[in-house]
Amino acid sequence: VSRSVVGALWSLSIHPELVPRLVELVVVQVVLDNVASSSLQDLSTQLSSVALLRNLTVNDAMRWTVFEHGGLAILRRALSAHPESTELAEHVVNAVWNLARVAELACEVGSSGVIDELLPAVQKRPEVRSLQVGLANCLRLCCTSPSDARRLVDAGGLQALSSASEVHAGHAGVQRAVLGA
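Anyway, here's the lowdown on the structure attached to this text. Owing to the predicted nature of the structure, the values given are computational and were not obtained by experimental measurement. (Residues numbered from 1 in each chain as written. Predicted model: local features only at pLDDT ≥ 70, side-chain atom pairs only at ≥ 80, totals over all residues. Heavy atoms only, no water.)

1. Considering the overall build of the chain
Counting secondary structure elements, the chain contains 13 helices and 0 strands. Along the chain, helices and strands appear, N-terminal first, in the series α-α-α-α-α-α-α-α-α-α-α-α-α. The contacts in the chain between residues at least 6 apart in sequence include a share of 73% that link residues at least 24 apart. Taken as a whole, the chain presents about 8100 Å² of accessible surface, with 57% of it coming from carbon and sulfur. (Helix = DSSP H or I, 4+ residues; strand = E, 2+ residues; numbered from the N terminus. Contact = heavy atoms within 4.5 Å. Areas by Shrake-Rupley, 256 points an atom, 1.4 Å probe, with all protein chains shown as cover.)

Dropping the structure here:
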C-alpha cells in the first residue's frame, strides 16, 4: 500500500460522516490487510498507516473493524520496527487508547501485549505529554482483570505512571489521567 493511498484514506477518515461508508465499501478492510503485509522499513508509510488507524478508531463501528482486521498486530509491528520514532509512538498509544474505550476490546488490548511494548517507548520520552496521557488512559482501561493488572504492573506500568506524574506535576490533564489509572 502506498503512502498516497493511506494518506487519501486518512483524509477521508477525519470526516465522521464518511466512516460508515468506508466500512460499507470494505475499503478499510482491504487497506488494513495490505498494510499488515507491507514492508516495515518505510517509516513514512508506517506513520501514515498508524495515523490512519488512530483516526479510524475514534468511531465505535470502526474500532471493531480495525480490531477484527489485525489492527493491534499492525500497531505492534510498526512500533517494534521504529522504536526511535516519537510521532509513531504517539499515534500507536492513541490508537490503542481509542480501541480500549470499547469495554469488550479493553480486555483484548490488555492481554495482547501491545501495552507491554508501549511502556519502554513511553518511558524513554517522559517529556512527551501526549504519550504519558495516552499510556495512563490505556492502563486505566485495560487493567480490568487481575492477571492483566499484575502483568502490566510487573512490566513497569506503575513506574511509568509515577514518572509521568512527577515530570508533568503542573499539568492537570496528565494528573487526571494518572489518578484515573
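Structure shown, so let's carry the discussion forward.
2. What to know about the packing of helix α4 (residues 43-56) against helix α6 (residues 71-81)
Between α4 and α6, whose axes approach to 10 Å, the crossing angle comes to 140°. Between α4 and α6 lies a crossing of left-handed hand. Contacts between α4 and α6 involve Gln46, Val50 and Leu53 from the first element and Gly71, Ile74, Leu75 and Ala78 from the second. Along the lines of polarity and charge, the residues of the contact of α4 with α6 split into 5 nonpolar, 2 polar and no charged. (Axes fitted to C-alpha atoms, helices over the stretch in contact; angles between N-to-C directions. Left-handed = near helix turned anticlockwise from the far one by under 90°. Nonpolar A, V, L, I, M, F, W, Y, C, P; charged D, E, K, R; others polar.)

3. Quick word on helix α7 (residues 86-100)
For an α-helix the count is 3.6 residues per turn, leaving residues at separations of three or four pointing the same way. Counted at 1.5 Å a residue, the expected span for α7 with its 15 residues is 21 Å, and the 21 Å between its end C-alpha atoms agrees. Within α7, 12 of the 15 residues are buried, which leaves the element mostly enclosed by the surrounding structure. Regarding α7, the residues found buried are Leu88, Ala89, His91, Val92, Val93, Asn94, Ala95, Val96, Trp97, Asn98, Leu99 and Ala100. On its buried side, α7 packs onto α4, α5 (60-68), α6, α8 (103-112), α9 (114-123) and α10 (129-142). Near the N-terminus of α7, the side chain that reaches the backbone nitrogen of leucine 88, with its oxygen 3.1 Å away, is that of serine 85. (Expected span 1.5 Å × (residues − 1). Buried < 20%, exposed > 50% of the residue type's maximum accessible area, 1.4 Å probe, protein only. Polar contact = N/O pair within 3.5 Å; in protein donor to acceptor, adjacent residues only side chain to side chain.)

4. Points about the packing of aromatic side chains
Under the definition given, this model contains 1 aromatic pair. When the ring of tryptophan 64 is compared with that of phenylalanine 67, the centres are 6.4 Å apart and the planes differ by 90°; the resulting orientation is edge-to-face. Within this pair, tryptophan 64 and its partner phenylalanine 67 are both found in helix α5, separated by 3 residues, close to a single helical turn. In this structure, arginine 101 is placed above the aromatic ring of tryptophan 97, and the distance from its NZ or CZ to the ring centre is 4.3 Å. (Phe/Tyr/Trp six-rings, centres within 6.5 Å; stacked < 30°, edge-to-face > 60°. Lys NZ or Arg CZ within 6 Å of the ring centre and 35° of its normal.)

Honestly, that's just the spatial picture; any functional story needs more than this.
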